[in-house]
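Observations on chain architecture
Chain by chain, the residues run as shown.
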Amino acid sequence: IMDDGTWTTSQQFVVGNQGIGAFTLNGGTVASDISSIGLNAGGSGTAEVHGGTWSNTGELRVGNSGSGTLHLISGNLTSTIGNIARSAGSFGTVIM
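So, here is what we can say about the structure in this document.

1. A look at the packing of aromatic side chains
In this structure the tally under the stated criterion is 5 aromatic pairs. Between Trp-7 and Phe-13 the ring centres are 4.8 Å apart and the planes differ by 90°, which places this aromatic pair in the edge-to-face class. Taking the relative accessible area as the measure of exposure, Trp-7 reaches 41% and is therefore partly exposed. You can call Phe-13 buried: its relative accessible area is 5%. Taken together, the ring pairs in this structure connect Trp-7, Phe-13, Phe-23 and Trp-54 into an aromatic cluster.

2. Re the sheet that holds strand 8 (residues 67-72)
Pairing within the open sheet is parallel, and its 4 strands lie in the order 3-6-8-10. Looking at strand neighbours, the two that pair on one side only are strand 3 (20-25) and strand 10 (91-95), the edges of this open sheet. Going from strand to strand, the sheet's axes swing by 5° on average, the running direction of each strand aside.

3. Considerations on the pairing of strand 6 (residues 44-49)
Of the two faces of strand 6, the one holding Gly-45, Ala-47 and Val-49 is buried and the one holding Ser-44, Thr-46 and Glu-48 is not buried anywhere. Summarising the sheet, strand 3 and strand 6 pair through 6 bridges and their orientation is parallel. Note on strand 6: the bridge partner recorded for Phe-23 is Ala-47. Here strand 6 runs beside strand 8; their pairing, made up of 6 bridges, is parallel. The partner of Val-49 across the bridge, within strand 8, is Leu-72.

Rules used in this analysis
Residues numbered from 1 in each chain as written. Predicted model: local features only at pLDDT ≥ 70, side-chain atom pairs only at ≥ 80, totals over all residues. Heavy atoms only, no water. Phe/Tyr/Trp six-rings, centres within 6.5 Å; stacked < 30°, edge-to-face > 60°. Buried < 20%, exposed > 50% of the residue type's maximum accessible area, 1.4 Å probe, protein only. Pairing = 2+ DSSP bridges. Helix = DSSP H or I, 4+ residues; strand = E, 2+ residues; numbered from the N terminus. Axes fitted to C-alpha atoms, helices over the stretch in contact; angles between N-to-C directions.

Structure representation (structure tokens):
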């Protein structure tokens, strides 16, 4: 859970790589090149945005090869490219 501050990565921000991951953004800023929610097969990720800013200079993947869910309740989410259920066998859900 992130309520304030800045989290910056020059590479990939991952929620649920090969396990189960959860991330909640209530405020502050997350900045990365690529963000993946449910990156690999067997990975499951859930992300909720209640406020703040999540900015991707590259791609946002919701269900890359795994299972991903994104809830955008309020706040700002930007990405150059967006993919939902990117690979065969993956699952992706976005609720706005």
